[in-house]
Amino acid sequence: MRKIPPELLKTILNDPYYKQCIRHREGACAGRITLEHTFIYASKQINELWAIVPLCAKHHEVDQFQDAGTMDKDYGQYIALTRATDEDLAKYPKKDWQQERKWLNSIYEKKK
């Protein structure tokens, strides 16, 4: 896991959004809230607010839930892209973000 810079971590810890698992509506959350880097770019995790999502330990498959089969990486990426602006994504020009959004939307827009 890439270390989150102190200023970004301070912002995250003070933001109510990060106090609850993004999958809380499923009703199966358990354990502490963790931070998931949703995307890798140029072999590094993207360390930006939009690209980091809160997951409970169960949905992040950490702690006692390691390898439980409960993580949905694509859903985390879907949520991150709903939070990203075009300006955010422009910093990472070698990825086809529009195609990524289109694909993830085709999966998760139906499930809302």
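These notes cover the structure that comes with them. (Residues numbered from 1 in each chain as written. Predicted model: local features only at pLDDT ≥ 70, side-chain atom pairs only at ≥ 80, totals over all residues. Heavy atoms only, no water.)

## Structural notes on the pairing of strand β4 (residues 52–56)
Here is the rule: For every residue, the accessible area obtained with a 1.4 Å probe (protein chains only) is divided by the maximum for its type, and the residue is called buried under 20%, exposed over 50%, and partly exposed between those limits. Where helices and strands are cited, they refer to DSSP runs of H or I of at least four residues and of E of at least two residues respectively, numbered from the N terminus. Paired strands are those between which DSSP finds at least two bridges.
Of all 5 residues in β4, 5 are buried, a share of seventy percent or more. The alternating pattern of β4 places I52, P54 and C56 on one face and V53 and L55 on the opposite face, and all of these are buried. For strand β1 (residues 33–37) and β4, the ladder comprises 5 bridges, and the chain directions are antiparallel. Residue I33 lies in a different strand from β4, and its bridge partner there is C56.

## A closer look at the pattern of salt bridges
Here is the rule we go by: The term salt bridge refers to a pairing of a side-chain nitrogen on Lys or Arg with a carboxyl oxygen on Asp or Glu at a separation within 4 Å.
All chains considered together, the criterion is met by 6 salt bridges. Here R23 makes a salt bridge to E26, at a shortest N to O gap of 2.8 Å. The shortest N-O distance in the salt bridge between K91 and E48 comes to 3.3 Å. Within this pair, whereas K91 is found in the loop between α4 (86–90) and α5 (97–108), its partner E48 is found in the loop between β3 (44–45) and β4, the two being separated by 43 residues in sequence.

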